[in-house]
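# Structure at a glance
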Amino acid sequence: MRPVRPADTQGDVYVLSFPKCGRTWLRLLMAKAISTARGIPMEVCRDLALTGFSTVDSTVPRIVFRHDDRVPWRTPAGLSRNKGFYRDRRVVLLVRDIRDTAVSRYFQVLHRDFRPYAGEIGDFLTEDEGSVRTCLTFWDIWHARQDVSASFLLTSYERLAADTAGELARVLDFCGLAPAGRETLRTAVDFADFKAMRAPGRHRTTGSRGTTRKSRR
């Protein structure tokens, strides 16, 4: 198991997700939009930690991305129902079609550097730890507990794919950032797509209409 990183407890906004729901894509979009709108170099956003922007400009909300409750390592029964930590914070929950999430998650654990998964995809889908049941239970908990947070926004990979600029604008507005202009949004969308196409380990999947789309982490 990976070492536990210290939790960032100073966030104003927490963007939560189960692995492989598009977190890296959303981080790239938000980082470039904030950088462009505020004139802050992307370099302050080391390892895509958006909190770097807040350090430079205190008017930028402190936005923290995390897998809440170390969810990749939990069984459904091991997930916490206590969301009191988020009582005074804004929460964005990023979800994705469970079928795409599960398949992408399988390939992630199959090829990870530490304790790679040795079974077939059918075996993984029925695992108790960090697989389908854990993901669905995690989402169910947040559906039931969303009112604990100061404010709550549900977004998804599919909404971002359908209208990337529009959904990005909705997320940024929820986070308390000034409305992003059309050019800022276009710059962010182009940048994130450019980066995603060059991300190591990417794979392509076929959509329901037979079109090919990139799979973002």
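Given the structure is predicted, the values throughout are model-derived calculations rather than measurements. (Residues numbered from 1 in each chain as written. Predicted model: local features only at pLDDT ≥ 70, side-chain atom pairs only at ≥ 80, totals over all residues. Heavy atoms only, no water.)

As a further point, take the environment of Leu 110. Following the sequence through the fold, Leu 110 ends up in helix 3 (residues 98-110). The class of Leu 110 is partly exposed, set by a relative accessible area of 23%. Considering only alpha carbons, one finds Leu 110 and Phe 124, 14 residues apart in sequence, at a separation of 9.5 Å. (Helix = DSSP H or I, 4+ residues; strand = E, 2+ residues; numbered from the N terminus. Buried < 20%, exposed > 50% of the residue type's maximum accessible area, 1.4 Å probe, protein only.)

With respect to the element layout, Arg 112 can be found in the loop between helix 3 and helix 4 (121-125). No salt bridge is formed by the buried Arg 112; its nearest oppositely charged neighbour, Glu 129, is found at 6.0 Å. Among the polar contacts made by the side chain of Arg 112, one reaches the main-chain carbonyl oxygen of Phe 114 at a distance of 3.3 Å. At a separation of 2.7 Å, a polar atom in the side chain of Arg 112 contacts the main-chain carbonyl oxygen of Arg 115. (Lys, Arg positive; Asp, Glu negative; His and termini not counted. Salt bridge = Lys/Arg side-chain N within 4 Å of Asp/Glu carboxyl O. Polar contact = N/O pair within 3.5 Å; in protein donor to acceptor, adjacent residues only side chain to side chain.)

Turning to the side chain of Arg 105, a few remarks are in order. One can find Arg 105 in helix 3. There is no salt bridge for the buried Arg 105, and the closest opposite charge comes from Glu 129, which lies 6.7 Å off by N-O distance. Separated by 2.7 Å, the side chains of Arg 105 and Gln 108 make a polar contact. With residues up to four places along the chain from it excluded, the contact list for Arg 105 reads Phe 18, Pro 19, Lys 20, Pro 72, Phe 124 and Gly 130. (Contact = heavy atoms within 4.5 Å.)

Here we come to the packing of aromatic side chains. Any aromatic ring pair is given by two values, namely how distant the centres are and how the planes are angled relative to each other. Counted by the stated rule, this structure contains 11 aromatic pairs. Ring centres 5.6 Å apart and planes at 80° place the aromatic pair Tyr 14 and Tyr 86 in the edge-to-face group. Placement of the pair is Tyr 14 in strand 1 (residues 13-17) and Tyr 86 in the loop between strand 2 (63-66) and strand 3 (90-95), with a sequence separation of 72 residues. This pair shows no difference in class: Tyr 14 is buried, exactly as Tyr 86 is. (Phe/Tyr/Trp six-rings, centres within 6.5 Å; stacked < 30°, edge-to-face > 60°.)

Time to look at the nonpolar core. Counting residues in hydrophobic clusters, the biggest one holds 50 residues, and the most contacted among them are Met 30, Leu 50, Phe 53 and Ile 63. Among the elements that make up this core, the one with the highest residue count is helix 1 (residues 23-38) (eight residues). (Core = buried A, V, L, I, M, F, W, Y, C linked by side-chain atoms within 4.5 Å.)

In the contact formed by helix 1 and helix 7 (residues 164-174), the axes pass within 11 Å of each other and the chain directions differ by 75°. Between helix 1 and helix 7, the crossing angle belongs to the class labelled roughly perpendicular. In this structure, helix 1 contributes Trp 25, Leu 29, Met 30, Ala 33 and Ile 34 to the contact, and helix 7 contributes Thr 164, Leu 168, Val 171 and Leu 172. (Axes fitted to C-alpha atoms, helices over the stretch in contact; angles between N-to-C directions. Parallel < 35°, antiparallel > 145°, perpendicular 65-115°, else oblique.)

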